[in-house]
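Architecture and fold: a report
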Amino acid sequence: MHHASLLCIESRDSWKSFTPFAKKCRASATTTSTCLRRWCAQASAPDMDPRVTFEACGRARPPQINATKRRAPVKVMIKQLKATSLALLALLAASSSLPARAHSDRSQASRSEDRALNTQPAPQGKTLVLDVPSIAERVNEVVVNVRSSSEGGENLGSGFIIDQRGLIATNFHLISNAEPRRGSGQRGPEPKGAPKLVNSVTVTLHDGRQFPASIKGYDEATDIALLEIVPNGAQLPVADLGDSDSLRVGEWVIAIGNPLGLDHTVTLGIVSAKGRTGFGGQFDDFLQTDAAINPGNSGGPLLNAQGKIVGINTLVLERTQGLSFAIPINTLKSILSQLIDRGRVTRGFLGVETQDIDADIRGFLKLPADSRGVRVVRAERATPASRAGLRKDDLITTVDGQSITSAVQFNRIIASKPPGTKVAIRILRDGRDYTLNAEIGEETKK
């Protein structure tokens, strides 16, 4: 330290006797006090007493300078500087981001408008987690093995419990004693008259209990049968029936059954298509799936992702890969009450044979390219169709105002009408529109 320009206070005891000014100077400097030469030139002699030197410095210091104000606390200044700097930085960041954000918002709005113009938003549905093990464990309890026997041999298939009284849904062909209608080719038309049935049917439950089953009812046209057992012991579980009309192509489905005698086999796939026809049945309306369905799966349930039964598995075609089919569960629900009450299904009858139209038929009948409906191939004599005035080559376009799109759809609409119901049928004949009134009859087996 330079003694010519300042004075150091080394002793804590010495400063106690200083004057009030000197104490203030000591408290501000912490360990040292400094006096400029120009303030105390007269008191800077080396041999002067320290206290006298401080007094001289105090008297010589210019009165207009306030030492306390000059020495603002350093920490307070740093805090203020930091706060000011942060505020400035925040302001700069906000101001610089406004143009970019505005540009981004405009870009997003432009892209949204483009998407809205180019595509329609897809309907949003619930996202489901497909828990196949849990579904299989729960539904396996309602799946049963069906074994029927007759003079011609045995049929092995599946079924599922739909009522605690012991009612079981399955396929009709499992209880039919006729020659197999399903095989390497297409299914043939249903034979006339009452079908031949098997001699006995045995049902095996999931827990191993076996019961003889009686045939409660059947519908050959849709290949559906209803069996009945008299249960004992534990209460029977019941299947949860879903809605096959709400199925969408691409949805996951699960098949459970007894393929080749391997009971309670579980397979997984998707709905490949809906409304498959052309297998020779009057009411063909199959669900197509790639879930494996083999001989023995017939009559078993097809499940959706919620574990509800949406179809009855059936073997329409053999020797195929990846082509499996099921009867929509809504078909069963539409006839179930009749099977329970009467054992058979009464359907509306018109007495007309129709076919879908294509480009060739439109050309032959000289129809517009956008024509929709079904062509009348034949109207039987002494039937509601002939009495209503339907003729060959008429184009049926609507029934009671409902547009007709296919022969299967037309057959289902007519079959759903109770006998005695009057319907308005609109047709196109020789380029002119006509409306014919018909009274629905009752379908009978001859």
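Quick summary incoming for the structure in this document. This structure is a prediction, so every number in the text was calculated from the model and none was measured.

What counts and what doesn't
- Residues numbered from 1 in each chain as written.
- Predicted model: local features only at pLDDT ≥ 70, side-chain atom pairs only at ≥ 80, totals over all residues.
- Heavy atoms only, no water.
- Buried < 20%, exposed > 50% of the residue type's maximum accessible area, 1.4 Å probe, protein only.
- Helix = DSSP H or I, 4+ residues; strand = E, 2+ residues; numbered from the N terminus.
- Arc of directions from axis to C-beta.
- Contact = heavy atoms within 4.5 Å.
- Pairing = 2+ DSSP bridges.
- Salt bridge = Lys/Arg side-chain N within 4 Å of Asp/Glu carboxyl O.
- Core = buried A, V, L, I, M, F, W, Y, C linked by side-chain atoms within 4.5 Å.

1. Examining helix α5 (residues 132-139)
By the burial criterion, the buried members of α5 are I135, A136 and V139. Looking straight down α5, one finds that the buried residues subtend no more than 95° of arc, so they occupy a single side. For α5, the exposed residues set more than 90 degrees away from the buried face come down to P133 and E137. Here the buried face of α5 lies against β1 (143-150), β7 (252-257), β8 (265-276) and β10 (301-303).

2. So, the pairing of strand β4 (residues 200-204)
Strand direction decides the pairing type here: β1 and β4, joined by five bridges, are antiparallel. By the bridge assignment for β4, V146 is matched with V203. Summarising the sheet, β4 and strand β5 (residues 210-219) pair through four bridges and their orientation is antiparallel. Pairing of V203 across the sheet is with F211, part of β5. Count of turn residues in the β4/β5 antiparallel hairpin: five residues, of which G208 carries a positive phi of about 95°.

3. Considering the pattern of salt bridges
Opposite charge on two side chains permits them to pair, given that their charged atoms come into close proximity. Enumeration according to the criterion identifies 11 salt bridges in this entry. Members of the salt-bridge network, linked through shared partners, are E353, R378 and E380.

4. Quick word on the environment of G296
Of note, G296 is situated in the loop between β9 (286-289) and β10. A C-alpha to C-alpha distance of 5.4 Å links G296 and L156, two positions 140 residues apart in sequence. With near-sequence residues (within four places) excluded, G296 lies in contact with L156, G157, S158, G257, N258, P259 and L260.

5. Description of the nonpolar core
If you look at the biggest cluster of nonpolar residues, it comprises 27 residues, and the most contacted ones within it are V139, F160, I162, I224, L303, I312 and L332. Contributing elements (two or more residues each) for this core: α5, β2 (153-163), β3 (167-171), β6 (224-228), β7, β11 (309-314), β12 (324-328) and α6 (329-341). Among the elements that line this core, the one with the most residues is α6, at five residues. The residues contacting I312, other than those within four sequence positions of it, are F160, N171, I224, G299, G300, A326, I327, I329 and L332. Counting 20 residues, the second-largest nonpolar core is a separate cluster that includes I396, F410, I413 and I440.

In short, shape yes, function no, at least from these values alone.
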